[in-house]
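# Reading the structure
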Amino acid sequence: MRLRPLVLFAAMLLSGSAAFAATPVLVIHGGAGVLRADLTPETEALVRADLEAALAAGYGVLKDGGSSLDAVGKAIVVLEDSPRFNAGKGAVFTHDGRNELDAAIMDGATLRAGAIAGVHRIKNPVLLARAVMDKSPHVLMVGDGAEAFAQGVGFELVDPGYFRTERRWRQLQEVLGKEAAGQQSSLGRMVHYGTVGAVALDRAGHLAAATSTGGMTNKRYGRVGDSPIIGAGTYANAHCAVSGTGWGEYYIRSVAAHEICARVAWGKQSLAKAADAVIMQVIPKLGGDGGAIALDAQGNIAMPFNTDGMYRGWVGKDGKPHVAILKD
Ligand code: ASP
């Protein structure tokens, strides 16, 4: 028995793992589309409970010595199953009244990644992204092809009506009404961002990132945002893991998630500085908005956003769950 720690230590040295028995860390977000005025005490209590449940699910994996990949998947499934976030049940509607879901997952230790876009019948898109990574030679699969692949690897398809919530339907009608009155562009600032994401560091010192979304209210049929685009809305390597939320077109154009990690790895910037530069400067300068969660291999966390608020939660080195919504 006493040999076990020694054997583990030797294995870590041989595998070249930088961080022996790292303290696990998990960070999650539920979107940067929080409007201060819309945040009733009831909504806040429900959202906090969801975020806490997602932290408990994901951190449970890490505490038991599980992988960061499994942890981000577990946390995201909880948020996808809640109707309060723009992912899985509760996803926003496209212009023509459908729910089109995108998701991605990435393993920082191996740079393996899986992603899906434009699916209508997958209850937990993050699990299909994981299956693309684990069970196909591909990285990104879309639409009917992704759903056919899902069936082939044992997923049950759900009725597209599963994703419908009245709140999201009303939001689409509001935006369509404004668009008809010429008050709003077809896609724009703060249109109900509620994407969910997670980044984690496991005991082996490995990072992972995952993101899941319904995209943006009133998006056109076939529009794909940043969340399933590796490097834009989701990225993880040995140094850093990022999940973004916001106006996806700008995250794609600035390759936001990879840009943060590149600044950490090659630019030698601190995680906080790198994440701040991209979210508070690069994206707003282009005309976009949103936020991101980021985590480095030392367990440092950054959660910048340039909107009113970002639903977020974390279990840091103190091992305790924290949840925050607005700037403070
Ligand atoms: N980033 C997502 C997209 O553009 C939207 C969001 O964050 O809610 O698809």
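As shown above, the structure is provided for reference.
Let me sum up the structure you'll find in this document. These numbers come from a predicted model, not from an experiment. Throughout this document, residue positions are counted from 1 along each chain, in the order its sequence is written. The predicted origin of the model limits local features to residues at a pLDDT of at least 70 and limits the giving and counting of side-chain atom pairs to 80 or more, whereas totals for whole chains, interfaces and linings rest on all residues. Values reported for side chains reflect all heavy atoms of the structure, with hydrogen atoms and water molecules removed beforehand.

### So, empty space enclosed by the protein
Keep this limit in mind: Points on a 1 Å grid over protein atoms alone make up a cavity when a 1.4 Å probe fits among them but cannot get out, and a pocket when they form an open set with protein on both sides within 12 Å along at least five of seven lines; lining residues each have an atom within 4 Å of a point. Grid points are joined across faces, edges and corners, and a volume is the space filled by probe spheres set on the points. Numbering of helices and strands runs from the N terminus, with a helix taken as a DSSP run of H or I at least four residues long and a strand as a DSSP run of E at least two residues long. Three classes are used, and their members are as follows: Ala, Val, Leu, Ile, Met, Phe, Trp, Tyr, Cys and Pro are nonpolar, Asp, Glu, Lys and Arg are charged, and the others, Gly among them, are polar.
Evaluation of the coordinates by the stated rule reveals one cavity of 30 Å³ or more. Of the voids in this model, the largest cavity is the one considered here, and its volume is about 70 Å³. Lining the largest cavity we find 14 residues, and of these Thr 195, Thr 213, Asp 226, Ser 227 and Gly 246 sit closest to its centre. When residues in the lining of the largest cavity are grouped by element, the largest group, three residues, is from strand β8 (residues 240-246). In terms of residue class, the lining of the largest cavity is made up of two nonpolar, nine polar and three charged.

### Notes on the sheet that holds strand β7 (residues 234-236)
Worth spelling out the cut-off: Here, strands pair whenever DSSP counts at least two bridges between them. By definition, residues are in contact when any of their heavy atoms lie within 4.5 Å. Only the stretch in contact is used when fitting a helix axis, every axis being a line fitted to C-alpha atoms; angles between N-to-C directions are given from 0 to 180 degrees.
The antiparallel open sheet is built from four strands, whose spatial order is β7-β8-β9-β10. Edge strands, defined here as strands with exactly one partner in the open sheet, are β7 and β10 (301-302). Its contacts with the sheet place helix α8 (residues 256-265) against β7 and β8, and it is angled at close to 145° to β8. Here helix α9 (residues 271-286) sits on the sheet in contact with β8, β9 (290-296) and β10, set at roughly 160° to β9.

Scope: geometric values only; no functional claims are made or implied.
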